[in-house]
Amino acid sequence: MQLFEDIKKSTQDAVETVFGKPVDIENIAIQHTRKDFDGDVTIVVFPLLKISKKPPEETAEMLGNYLKESVDTVSDFNVVKGFLNLVISDSYWVNVLGKITENVSFGIETTNSGKTIMVEYSQPNTNKPLHLGHLRNNMLGYSLANILMANGHKVIKANIINDRGIHICKSMLAWLRWGKGETPESTGLKGDHLVGKYYVEFNTHYQAEIKDLVSNGATLEEAEKTAPLILEAQEMLKKWEAGDSGTVSTWKEMNSWVLKGFDASYKTLGVDFDEIYYESNTYLLGKEHVAKGLDKGYFYKKDDGSVWCDLKEAKLDPKLLLRSDGTSVYITQDIGTAVQRFEDYKLDRQIYVVGNEQNHHFQVLFAILKKMGYAWAASNYHLSYGMVELPSGKMKSREGTVVDADDIMDEMVSTAKKLSLELGKLDDMPEDEREELFKIIGLGALKYYLLKVEPKKQMLFDPEESIDFNGHTGPFIQYSYTRIQSLVKKAGANYNNDNGYGYDLDPLEKGIIKLINQYPSIIKEAGDSLSPALIANYVYELAKEFNHFYQSLPILKLDDEQIAAFRINLAETTGRVIKSAMNLLGIDVPDQM
RNA sequence: GCACCCGUAGUUCAACUGGAUAGAAUAUCUGACUUCGGAUCAGAGGGUUGGGGGUUCGAAUCCCUCCGGGUGUACCA
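Treat the numbers as computed from the prediction; the structure is a model and nothing was measured.

Colleague: I keep staring at the overall build of chain A and nothing clicks. Help me out?
Modeller: For chain A, the count of helices and strands is 21 helices and 14 strands. Each of the three principal axes of chain A carries a C-alpha extent, and together these read 90 × 65 × 45 Å. Summed over its atoms, the accessible surface of chain A is roughly 28,400 Å², and 49% of this surface lies on carbon and sulfur atoms. Counting 66 positive and 86 negative side-chain charges, chain A places the averaged centre of each group 4 Å from the other.

Have a look at this one:
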């Protein structure tokens, strides 16, 4: 933030002038003054005591005097222990607001950083519909992409669809055997749900077979490996890989259903992609890199023909890259796609948004890339997020406790509808606009709930509580926004911000300006630390501060037109920041609710 | 066993990356102009930051150790 930079520099000068010794600017500890103390900016003087050779209070006092005298923006100061609290003049804040008001793209970095970043997220499997965990993933990825763009980077949003493998064959097999030719059209089911139904069907029969085998004396492990269904699924996978036309055409058909279903979910959720990769196209990538690595001695071959990478330097176990029969494993593909992407797009960075259960996988992947000598290996980052748990514990598909993405989105929207109709403020709104509004509110609640928690932390999703629209929630922020819009609308065009405005700011007014002023640095911080949660918590704080102001001070009822104009402008600018921040989170804000 | 992550009011989450008296929400209790939108606002109670050591002017934050929870540790993806 500019103010901090300026004060830091002034303090640096002050130290040199007052104590006769230069100080490194890194040693000047600056922060926002806590609410329960007077002032706006606080210098922590402890790190300066070595230079001042005086007690903290005296050091602070001397610096405060100097700053008050020589810096225009510092209008006063006070000292509490080792903390020098500076009061910044009201005219400075009024000026700041004026500049922000004029800046159409306030907070958003408009000059290109020259960096290209790929953010990969979503990564669904085509054997079943999306669930709550995917929603967290999608929102994190989408929001992160927005935040990185707001930091001036070029961002490529990528998705990779895991559309091949044994799990798909399971659904296919079950559908062929028990599906009676069902289609999304014939059943009215969404394609991904229909296919998911057969994935469950497969498992039901598979479990029954296992139980049978076990009761006939097999161990569980044996049973799992030798049940007829699993053998048949494996057989099907081989046929798929061999390009068997019947298998491939079933696969194509069922995949198209699923993908259509995913598109609908993505559309409802409001996320999108610039580049969609399909594992069926990429799964063979990487073999030639392994061969090359073998030549160069990065990898080694065992007697049975399997290829391995030694990762002692990274303190990891050796990793298999090619099976003894020459086929590739999952990580082989990841090596291939990483190389391809960095080469195709000249990426400066790639971020994988993937759950923390794959921490080890990415550690290994990045270590291998490093060993292969790629300079960009260190530019890969695994944004690892925690699992979403339910009050009953983990989501388990076998126990039917998985929260389906489409279901929860529907539920949130219908709750928004119910609540809105109860409040009865929408009588003059046309039906189609209302439906749109319920979506904005319901999804706003859901998305905000998922994003306000620090990504790496595991989080709890309580279906009862998350439906709450009061308190620290998306709808609370949306509501604050609508009140601002209503206010601005009522004020009409007959107000303008008076630049020469000079009166004592109310602490509530100043509080809002200070928060708004922080917005660009919050965006930067969120970009640096890859955390949408920072934006989420910031915008909540801003809305809360505004509500407090709105409740306590008159605006349109004022006789003093100058002050009224100032406050309307303040409200409008707050509204703009709220909207901008919410959009970074992928959340819409309505004008009325 | 080993590796990584997490542990903060009853509950769900913050704490500007080492700064002041650890903040919100929720739940509970109390209050708010005859209302610029009450999906709001104000107030009260609620904490040995899992325990114990250390590092320093200063620790929820860094280090060690123990306890509790999660995730991983495949010729699966």
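On we go from here.
Colleague: Please explain the sheet that holds strand β12 (residues 380-385) as it appears in this structure.
Modeller: What links the strands of a sheet is backbone hydrogen bonding, and the strands pair in either a parallel or an antiparallel sense. Ordered in space as β7-β6-β5-β11-β12, the five strands form an open sheet in which the pairing is parallel. At either margin of the open sheet sits one strand with a lone partner, and together these are β7 (275-278) and β12. Taking each pair of neighbouring strands and ignoring which way they run, the sheet shows an average axis angle of 25°. Here strand β5 (residues 116-120) pairs with strand β6 (residues 154-161) via five bridges, running parallel. The residue of β6 that forms the bridge with Val-119 is Lys-157. Those strands touched by helix α15 (residues 359-371) are β11 (349-355) and β12, and its axis lies near 175° from that of β12.

Colleague: Just checking my understanding: could you explain the packing of aromatic side chains for this structure?
Modeller: Two numbers describe a pair of aromatic rings. These are the distance of the centres and the angle of the planes. Tallying each qualifying case throughout the model produces 20 aromatic pairs. Ring centres of Phe-202 and Tyr-206 lie 5.6 Å apart, and the angle between their planes is 40°; this geometry places the pair in the tilted category. Of this pair, Phe-202 and Tyr-206 both sit in helix α8 (residues 191-215), separated by four residues, roughly a single helical turn. Taking the relative accessible area as the measure of exposure, Phe-202 reaches 0% and is therefore buried. Relative to Tyr-550, the ring of Phe-546 has its centre 5.9 Å away and its plane inclined at 35°; by these criteria the two rings are tilted. Note that Phe-546 and Tyr-550 are positioned in helix α20 (residues 532-552) at a spacing of four residues, about one turn of the helix. We classify Phe-546 as buried; its relative accessible area is 0%. Judged by its relative accessible area of 27%, Tyr-550 is partly exposed.

Colleague: Is there a simple way to think about the protein's contact with RNA strand B in this case?
Modeller: Taken together, 67 residues are adjacent to RNA strand B, and Asp-304, Arg-323, Lys-425, Lys-490 and Tyr-550 come closest. Of all RNA strand B atoms lying within 4 Å of any protein atom, the proportion belonging to sugar or phosphate reaches 62%. A distance of 3.0 Å separates a sugar or linking oxygen of RNA strand B from a polar atom in the side chain of Gln-551. Contact between RNA strand B and Leu-556: a base oxygen at 2.7 Å from a main-chain N or O atom of the residue.

Colleague: Honestly, the domain arrangement of chain A in this entry has me stumped. Any pointers?
Modeller: Where interface size is quoted, it is often the accessible area lost as the parts come together. Splitting chain A by domain gives domain 1 (2-88), domain 2 (283-385) and domain 3 (407-584). The straight-line distance from the C-alpha centre of domain 1 to that of domain 2 is 51 Å.

Colleague: Where do I start with the packing of helix α16 (residues 405-423) against helix α17 (residues 431-451) in this structure?
Modeller: Two numbers describe a pair of packed helices, the interaxial angle and the distance between the axes. Their axes nearest at 7 Å, the elements α16 and α17 cross at an angle of 120°. By the angle class used here, α16 and α17 are oblique. Like other packed secondary-structure pairs, α16 and α17 cross with a definite hand, here right-handed. From α16, Ile-408, Met-409, Met-412, Val-413, Ala-416, Lys-417, Ser-420 and Leu-421 reach across to α17, where they touch Arg-434, Glu-435, Phe-438, Lys-439, Ile-441, Gly-442, Leu-443, Ala-445 and Leu-446. Of the residues contributing to the contact of α16 with α17, the split by class is 11 nonpolar, two polar and four charged.

Colleague: In this structure, what is going on with a negative patch on the surface? I would like to understand it.
Modeller: Among the surface-exposed residues, Glu-431, Asp-432, Glu-433, Glu-436 and Asp-588 lie close enough to one another that they form a single negatively charged patch. Note on placement: Glu-433 falls in helix α17. With a relative accessible area of 45%, Glu-433 lands in the partly exposed category.

Colleague: Would you mind going over unusual backbone geometry with me for this structure?
Modeller: Excluding glycine, a negative phi dihedral is what most residues carry, and trans is how most peptide bonds are arranged. One non-glycine residue with positive phi stands out, namely Gln-123, at about 40°. By secondary structure assignment, the location of Gln-123 is in the loop between β5 and α5 (132-150). Given a relative accessible area of 14%, Gln-123 falls into the buried group. At Lys-315, a position not held by glycine, the phi torsion is positive, near 60°.

Colleague: What's the story with helix α10 (residues 228-241) in this structure? I'm lost.
Modeller: Think of an α-helix as turning once every 3.6 residues; residues three or four places apart then point the same way. A rise of 1.5 Å per residue sets the reference length of α10, with its 14 residues, at 20 Å; its end C-alpha atoms lie 20 Å apart and thus fit the reference within 8%. For α10, the set of buried residues is Leu-229, Ile-230, Ala-233, Met-236, Leu-237 and Trp-240. Buried residues along α10 cover an arc of 115° about the axis, so they all sit on one side. Along its buried surface, α10 packs onto α6 (166-178), α8, α9 (220-226), α11 (245-269) and α12 (279-282).

Colleague: How should the sheet that holds strand β10 (residues 319-322) be read in this particular structure?
Modeller: The three strands are arranged β8-β9-β10 in an open sheet whose pairing can be described as antiparallel. Looking at which strands have only one partner, the edges of the open sheet turn out to be β8 (299-301) and β10. The average angle at which neighbouring strand axes cross in this sheet is 35°, direction not considered. As judged from the three bridges shared by β8 and strand β9 (residues 307-309), these two strands associate in the antiparallel manner. Bridging across to β9, Lys-301 finds its partner in Val-307. Lying over the sheet, helix α13 (residues 287-295) contacts β8, β9 and β10, oriented at roughly 90° with respect to β8. Of the strands in this sheet, β8, β9 and β10 touch α15, which is tilted by about 70° from β10.

Colleague: Just checking my understanding: could you explain helix α4 (residues 90-102) for this structure?
Modeller: Look at α4: 19 Å from first C-alpha to last across 13 residues, which is about the 18 Å you get at 1.5 Å a residue. Listed in full, the buried residues belonging to α4 are Asp-90, Tyr-92, Trp-93, Val-94, Val-96, Leu-97, Gly-98 and Ile-100. In this structure, the buried side of α4 is in contact with α1 (2-19), β4 (83-88), α19 (507-529) and α21 (561-584).

Cut-off values and rules
Residues numbered from 1 in each chain as written. Chains lettered and ligands numbered in written order. Predicted model: local features only at pLDDT ≥ 70, side-chain atom pairs only at ≥ 80, totals over all residues. Heavy atoms only, no water. Helix = DSSP H or I, 4+ residues; strand = E, 2+ residues; numbered from the N terminus. Areas by Shrake-Rupley, 256 points an atom, 1.4 Å probe, with all protein chains shown as cover. Lys, Arg positive; Asp, Glu negative; His and termini not counted. Charge placed at Lys NZ, Arg CZ, Asp CG, Glu CD. Pairing = 2+ DSSP bridges. Axes fitted to C-alpha atoms, helices over the stretch in contact; angles between N-to-C directions. Contact = heavy atoms within 4.5 Å. Phe/Tyr/Trp six-rings, centres within 6.5 Å; stacked < 30°, edge-to-face > 60°. Buried < 20%, exposed > 50% of the residue type's maximum accessible area, 1.4 Å probe, protein only. Near = heavy atom within 4 Å. Polar contact = N/O pair within 3.5 Å; in protein donor to acceptor, adjacent residues only side chain to side chain. Domains from an automatic or database assignment. Parallel < 35°, antiparallel > 145°, perpendicular 65-115°, else oblique. Left-handed = near helix turned anticlockwise from the far one by under 90°. Nonpolar A, V, L, I, M, F, W, Y, C, P; charged D, E, K, R; others polar. Patch = residues over 30% accessible without salt bridge, like charges linked within 9 Å, V, L, I, M, F, W, Y side chains within 5 Å. Salt bridge = Lys/Arg side-chain N within 4 Å of Asp/Glu carboxyl O. Expected span 1.5 Å × (residues − 1). Arc of directions from axis to C-beta.

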